[in-house]
Amino acid sequence: MASIFQGIGAATSISSSASFDTMKLQFSSPRSISGKKANCVVMRSGGAKMDSGSSRNGGRADQLVTNAVAAKADTPAASTASKPGHELLLFEALREGLEEEMERDARVCVMGEDVGHYGGSYKVTRGLAEKYGDLRVLDTPIAENSFTGMGIGAAMTGLRPIIEGMNMGFLLLAFNQISNNCGMLHYTSGGQFKIPVVIRGPGGVGRQLGAEHSQRLESYFQSIPGIQMVACSTPYNAKGLMKAAIRSDNPVILFEHVLLYNLKERIPDEEYVLNLEEAEMVRPGEHVTILTYSRMRYHVMQAAKTLVNKGYDPEVIDIRSLKPFDLYTIGNSIKKTHRVLIVEECMRTGGIGASLTAAITENFHDYLDAPIMCLSSQDVPTPYAGTLEEWTVVQPPQIVAAVEQLCR
Amino acid sequence: MDLNIQIPSNCLSTTKLVMTIKAITKLMIIRQFTLHFNKLHFLIYRLQKPNNLLRSTTFSMALSRRSSGILLNSTSLLHRHLSTTTTITVETNLPFTGHNCEPPSTSITTTPTELMKFFTDMAIMRRMEIAADSLYKSKLIRGFCHLYDGQEAVSIGMEAAITKNDCIITAYRDHCLYIGRGGTLLESFGELMGRKAGCSNGKGGSMHFYKKDACFYGGHGIVGAQVPLGCGLAFAQKYRKEEYVTFAMYGDGAANQGQIFEALNMAALWDLPAVFVCENNHYGMGTAEWKSAKSPAYYKRGDYVPGLKVDGMDAFAVKQACKFAKEHVLKNGPIILEMDTYRYHGHSMSDPGSTYRTRDEISGIRQERDPIERIRKLILANDLATEKELKDIEKQVRKDVDEAVAQAKESPMPDESELFTNVYRKGFGVESYGADKKELRTTLP
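Residues numbered from 1 in each chain as written. Chains lettered and ligands numbered in written order. Predicted model: local features only at pLDDT ≥ 70, side-chain atom pairs only at ≥ 80, totals over all residues. Heavy atoms only, no water.

- Chain B has the name Pyruvate dehydrogenase E1 component subunit alpha in an unreviewed UniProt entry, where Tagetes erecta is given as its organism.
- Taken directly from UniProt, the Subunit (unreviewed entry) text for chain B runs: "Tetramer of 2 alpha and 2 beta subunits."
- Under Catalytic activity (unreviewed entry), UniProt gives the following word-for-word description of chain B: "N(6)-[(R)-lipoyl]-L-lysyl-[protein] + pyruvate + H(+) = N(6)-[(R)-S(8)-acetyldihydrolipoyl]-L-lysyl-[protein] + CO2". (UniProt positions renumbered as here; feature names shortened; annotations may be inferred.)

- Under an unreviewed UniProt entry, chain A has the name pyruvate dehydrogenase (acetyl-transferring) and belongs to Tagetes erecta.
- In the Function (unreviewed entry) part of its UniProt record, chain A is described as follows: "The pyruvate dehydrogenase complex catalyzes the overall conversion of pyruvate to acetyl-CoA and CO(2). It contains multiple copies of three enzymatic components: pyruvate dehydrogenase (E1), dihydrolipoamide acetyltransferase (E2) and lipoamide dehydrogenase (E3)."

Below, the structure written as structure tokens:
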């Protein structure tokens, strides 16, 4: 992550508990930066972790954990001028990634409701219509089924559309197109057609948006064969994943979160593309592996603070790739810690956690010292009332309690 | 002998002219080797197919033979010199009805070669569907099999009016459209029987025929879902500023789908070069038109989008309408063509087709409006061939179809490994690369 540029000097400021080895702050795996091209660097997604409370490593999203949501970066005075890279918010990072790809390849186009002149309901596409024109940044009528189908049809001829759902929940109307046409056409045509679309949009539980606007579609889409799903959680991985998704020849569904759009982080100036199928090591640890994605990453990091104070050393992995799972990173982690806790925002029934539990049990059963625990949202429609809504999703105290139980 | 190479009536552009001249030179070389009178006809016949001329950069005869090799034998039976200079004017049976547009004229010019081509191609399609029927009954074709016999004129007329760079997308009644786009009988039967020789390697089935190099985009199982895809094809054509159009086909049952109206709105809003073709065979599976639609005037359903109602059993009416539609759409945005047609079989092979309509109705239409019969009458009336010759052509077609079936039966089933191929583009599932694809990062179980 951004720390790669800033050196590992921050290691000295860690004042963490017992088993924290400074060696760990070197790259968390030997497979670090790979395949440098002339102007594009592919980064290993992991990075050194710092104890979220104490280190001041310039605008890392980890530090915003206190709120678990969009908060202003409380950057220390020293960190701005000297550090490389530039600071921006998550939606700006998405836009940067999008713009770079549109610049690079004329076949990339965007379509969705209010993406053009309105600038996007979450400002992800602001300014693009003025720059690229109405056809490349297309304002569609409110017809999700049809414009998703239209994007897929255009992709069959070689264009690379990015289809935006104003809210992921609206894409349920386009489920047929996504499942049957997007996912399956490459297979049923015997490989003749490829569908390089990116379907993106914000989902997840927001601030009292109501049941229908707080849906988590990753659980519904996960069985569709032929698609890839990724979830971004920081400006750094948002930009990288957006670029990777656009460059991928497979249909990719990029899940953003309504509450994460205003996260601020410092990201590199150089061009970088992340790997779509890779998980991110957020915090290396010894005692328990906590697997999470999207907004729950921040709840987990907040809980991690408490856990560290209590003497536990959780390893936090942001799985990022929801389909397929990065079983390599996850497996290595399990082999080290032997305990797994999954924290997700999906529903309990049939969610990502359920699939992940099954995958881990099938592949790494022998390495587990305790049953896998999975903390998910309740199987209820998201209520409007603030307190009820808070109880629907997993909160940090529950995570702490779960780890304590797991490590008993 | 003199070579009467006439520019076929449907070839107007200069590229085709150039290709035709190339064809003439090639022809002259071939002449040295083929002195047989009949072979020459097949070559002239072959020149009529703009698809091969346009597509083959190397002008490989092998390519054209692969897609129309069956015609080799059929027309060689025609012992008569087909004049390619005369034009024949045909009047359509019924006038066109327009909605918000001026219908085109009902007299269409054609040539003897085109008439014979129509006859042969329709005979092939008809024979193929009948063969599929018996294959289904002998359980070699499983699942769903939707047959197109009775509706051949729509495919034939459309192909005569457009090029292989115009896109066609349709629903599941796609076997004949695939053949019309240049698919071979072997690929068709192979796919129906789920063999490797099939156009989608046996993994698609009856409802998933595709031919990318001929811009045939399938082949879709969910009713109506192909129309927004067709909108997308038209969008891409507009995006790339190509002067080609898309024919998005659907049925009278699908015409009640919301996505059709959504697609019409978007196509009209952005002036997409999309022709919406409603093949109205009057029955949506088992439900008659009058039972499912308040307004069965499907060509009017576009409201602000102009429409044209066409006799879909008349190949020339279809050809005229498609030509008109293509010109209209490149200037003015979408149009709806309603093809009034009929299917003799049931909706699919599991539907006898007689529970919701009478046998008299079916046989009545067969007698009065059958598309092949109409062409046959035209051929006989214009003295282009005798009854016997036409019957011989049909016999040859039958033989060719049987051969293709036999060949397809011998083709093997796909390997087990094919289960996992083409799920993802890069063979994902086994190896995972970084975005730069330089380093093998993971090998997943």
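### Focus: the overall build of chain B
Piece 1. Assigned secondary structure in chain B consists of 15 helices and 12 strands.
Piece 2. Classification of the 445 residues of chain B by burial places 60% in the buried group.
Piece 3. The contacts in chain B between residues at least 6 apart in sequence include a share of 72% that link residues at least 24 apart.
Piece 4. Carbon and sulfur atoms provide 55% of the accessible area of chain B, an area that totals close to 17900 Å². (Helix = DSSP H or I, 4+ residues; strand = E, 2+ residues; numbered from the N terminus. Buried < 20%, exposed > 50% of the residue type's maximum accessible area, 1.4 Å probe, protein only. Contact = heavy atoms within 4.5 Å. Areas by Shrake-Rupley, 256 points an atom, 1.4 Å probe, with all protein chains shown as cover.)

### Quick notes on the overall build of chain A
Piece 1. Each helix and strand in chain A was counted, giving 14 helices and 16 strands.
Piece 2. Burial status across chain A gives 65% buried among its 408 residues.
Piece 3. Within chain A, contacts between residues separated by at least 24 positions form 81% of all contacts whose residues are at least 6 apart in sequence.
Piece 4. Only carbon and sulfur atoms are counted for the fraction: they give 53% of the accessible area of chain A, which is about 13400 Å².

### Concerning the pattern of salt bridges
Piece 1. Under the definition given, this model contains 44 salt bridges over all chains.
Piece 2. Between E114(B) and K319(B) there is a salt bridge, with its nearest N and O atoms 3.0 Å apart. Note that E114(B) is positioned in helix 5 (residues 112–137) and K319(B) in helix 12 (residues 315–332), a separation of 205 residues in sequence.
Piece 3. Using a relative accessible area of 4% as the deciding quantity, one classes E114(B) as buried.
Piece 4. In this structure, a network of salt bridges that share partners links the residues E96(A), E100(A), E101(A), R104(A), K239(A), K243(A), R247(A) and E271(A). (Salt bridge = Lys/Arg side-chain N within 4 Å of Asp/Glu carboxyl O.)

### Some remarks on helix 15 (residues 387–410) of chain B
Piece 1. Across its 24 residues, helix 15 of chain B extends 35 Å between first and last C-alpha, which sits within 8% of the 34 Å expected from 1.5 Å per residue.
Piece 2. Listed in full, the buried residues belonging to helix 15 of chain B are E389(B), L390(B), D392(B), I393(B), Q396(B), V397(B), D400(B), V401(B), A404(B), V405(B) and A408(B). (Expected span 1.5 Å × (residues − 1).)

### With respect to the interface of chain B and chain A
Interface size is commonly expressed as the accessible area that is lost once the parts come together.
Piece 1. Facing 52 residues of chain B, the contacting portion of chain A comprises 62 residues.
Piece 2. Our count for the contact surface shared by chain B and chain A stands at 1 salt bridge.
Piece 3. Notably, a salt bridge pairs R425(B) with D249(A), separated by 4.0 Å at the nearest N-O pair.
Piece 4. The tally of links from chain B across to chain A stands at 19 residue pairs in polar contact (both at pLDDT 80 or more).
Piece 5. Of all the elements in the fold, those that place two or more residues in the side of chain B that touches chain A are helix 9 (226–239), helix 10 (258–270), strand 11 (431–433) and strand 12 (440–443) of chain B. (Polar contact = N/O pair within 3.5 Å; in protein donor to acceptor, adjacent residues only side chain to side chain.)

### A word on the UniProt feature "domain: Transketolase-like pyrimidine-binding" (unreviewed entry) in chain A
Piece 1. With numbering matched to this structure, UniProt assigns "domain: Transketolase-like pyrimidine-binding" (unreviewed entry) to residues 88–263 of chain A.
Piece 2. Spanning residues 88–263 of chain A, this segment combines 36% helix with 18% strand, and its end C-alpha atoms are found 8 Å apart.

### So, the environment of S333(A)
All names here are of chain A.
Piece 1. Topologically, S333 is positioned in helix 11 (residues 327–337).
Piece 2. Accessibility expressed as a relative area gives 1% for S333, which makes it buried.
Piece 3. S333 sits 64 residues away from P397 along the chain, and the two C-alpha atoms are 23 Å apart.
Piece 4. In contact with S333, other than residues within four places in its own chain, are T289, E315, I317 and H338.
Piece 5. A distance of 2.7 Å separates polar atoms of two side chains, one belonging to S333 and the other to T289.
Piece 6. Here E315 takes part through its side chain, which lies 2.6 Å from a polar atom of the side chain of S333.

### Notes on empty space enclosed by the protein
Residues and elements named next belong to chain A.
Piece 1. Evaluation of the coordinates by the stated rule reveals 9 cavities of 30 Å³ or more.
Piece 2. By volume, the second largest cavity is sized at about 100 Å³.
Piece 3. Lining of the second largest cavity is provided by 13 residues; of these, E218, E256, H257, Y293 and S294 occupy positions nearest its centre.
Piece 4. Among the elements that line the lining of the second largest cavity, the one with the most residues is strand 8 (residues 252–257), at 3 residues.
Piece 5. Grouping the amino acids of the lining of the second largest cavity by side-chain chemistry returns 4 nonpolar, 5 polar and 4 charged. (1 Å grid on protein atoms, 1.4 Å probe; cavity = no way out; pocket = protein on both sides within 12 Å on 5 of 7 lines; lining within 4 Å. Points joined across faces, edges and corners; volume = space filled by probe spheres on them. Nonpolar A, V, L, I, M, F, W, Y, C, P; charged D, E, K, R; others polar.)

### Quick look at the UniProt feature "domain: Dehydrogenase E1 component" (unreviewed entry) in chain B
Piece 1. UniProt records the feature "domain: Dehydrogenase E1 component" (unreviewed entry) for residues 121–415 of chain B in the present numbering.
Piece 2. Helix makes up 46% of residues 121–415 of chain B and strand makes up 11%, while its end C-alpha atoms are separated by 33 Å.

### Things to note about the packing of helix 5 of chain B against helix 8 (residues 185–192) of chain B
Residues and elements named next belong to chain B.
Piece 1. Running from N to C, helix 5 and helix 8 cross one another at 25 degrees; their axes reach a closest spacing of 11 Å. Taken together, helix 5 and helix 8 sit at an angle that is classed as roughly parallel. Relative to helix 8, helix 5 is oriented so that their crossing is right-handed. Together, I124, M128, A131, A132 and L135 of helix 5 and L185, S188, F189 and L192 of helix 8 make up the contact between the two elements. (Axes fitted to C-alpha atoms, helices over the stretch in contact; angles between N-to-C directions. Parallel < 35°, antiparallel > 145°, perpendicular 65-115°, else oblique. Left-handed = near helix turned anticlockwise from the far one by under 90°.)

### Topic: the pairing of strand 13 (residues 314–318) of chain A
Residues and elements named next belong to chain A.
Piece 1. Most of strand 13 sits inside the fold, with 5 of its 5 residues counted as buried.
Piece 2. Burial of strand 13 is two-sided: the residues P314, V316 and D318 facing one way and the residues E315 and I317 facing the other way are all buried.
Piece 3. One ladder, built from 3 bridges, connects strand 11 (residues 280–283) with strand 13; its direction is antiparallel. Within strand 13, the position partnered with E280 by the bridge is D318. (Pairing = 2+ DSSP bridges.)

### Focus on the packing of helix 5 of chain B against helix 14 (residues 371–381) of chain B
All names here are of chain B.
Piece 1. Packing of helix 5 against helix 14 brings their axes to within 10 Å, and their N-to-C directions diverge by 150 degrees. Relative to helix 14, the element helix 5 lies roughly antiparallel. By crossing handedness, the relation of helix 5 to helix 14 is classed as left-handed. When helix 5 is examined against helix 14, the residues L115, M116, F118, F119, M122, A123 and R126 are found in contact with a partner set consisting of P371, I372, I375, R376, L378 and I379.
Piece 2. Its residues placed into classes, the contact of helix 5 with helix 14 shows 11 nonpolar, no polar and 2 charged.

### Description of the packing of aromatic side chains
In this description, a pair of aromatic rings is defined by centroid distance and the angle of the planes.
Piece 1. Within this structure, the stated rule accounts for 12 aromatic pairs over all chains.
Piece 2. Where Y236(A) meets Y272(A), the ring centres are 4.5 Å apart and the plane angle is 5 degrees; that geometry is what we call stacked. You can see Y236(A) sitting in helix 9 (residues 235–247) and its partner Y272(A) sitting in strand 10 (residues 272–273), a full 36 residues away along the chain. A single burial state applies to Y236(A) and to Y272(A), both of which are buried.
Piece 3. Between Y178(B) and F216(B), the ring centres sit 6.3 Å apart and the planes meet at 50 degrees, which makes this aromatic pair tilted. (Phe/Tyr/Trp six-rings, centres within 6.5 Å; stacked < 30°, edge-to-face > 60°.)

### Concerning the sheet that holds strand 9 (residues 307–311) of chain B
Residue and element names in this part refer to chain B.
Piece 1. Pairing within the open sheet is mixed, and its 6 strands lie in the order 2-9-10-6-5-4. Of all strands in the sheet, those with a lone pairing partner are strand 2 (97–99) and strand 4 (167–169), marking the two edges. Strand-to-strand twist of the sheet, defined as the mean angle between neighbouring strand axes without regard to direction, takes the value 20 degrees.
Piece 2. With 6 bridges connecting them, strand 6 (residues 274–280) and strand 10 (residues 335–340) associate as parallel partners. What sits directly across from F276, in strand 10, is I336.

### Focus: the confidence of the model for chain A
Piece 1. Across chain A, the average pLDDT comes to 83, with 80% of residues at 70 or higher.
Piece 2. With pLDDT under 50 throughout, residues 1–79 of chain A is counted as low confidence; its partners more than four residues away or in other chains account for 166 contacts. (pLDDT = per-residue confidence, 0-100.)

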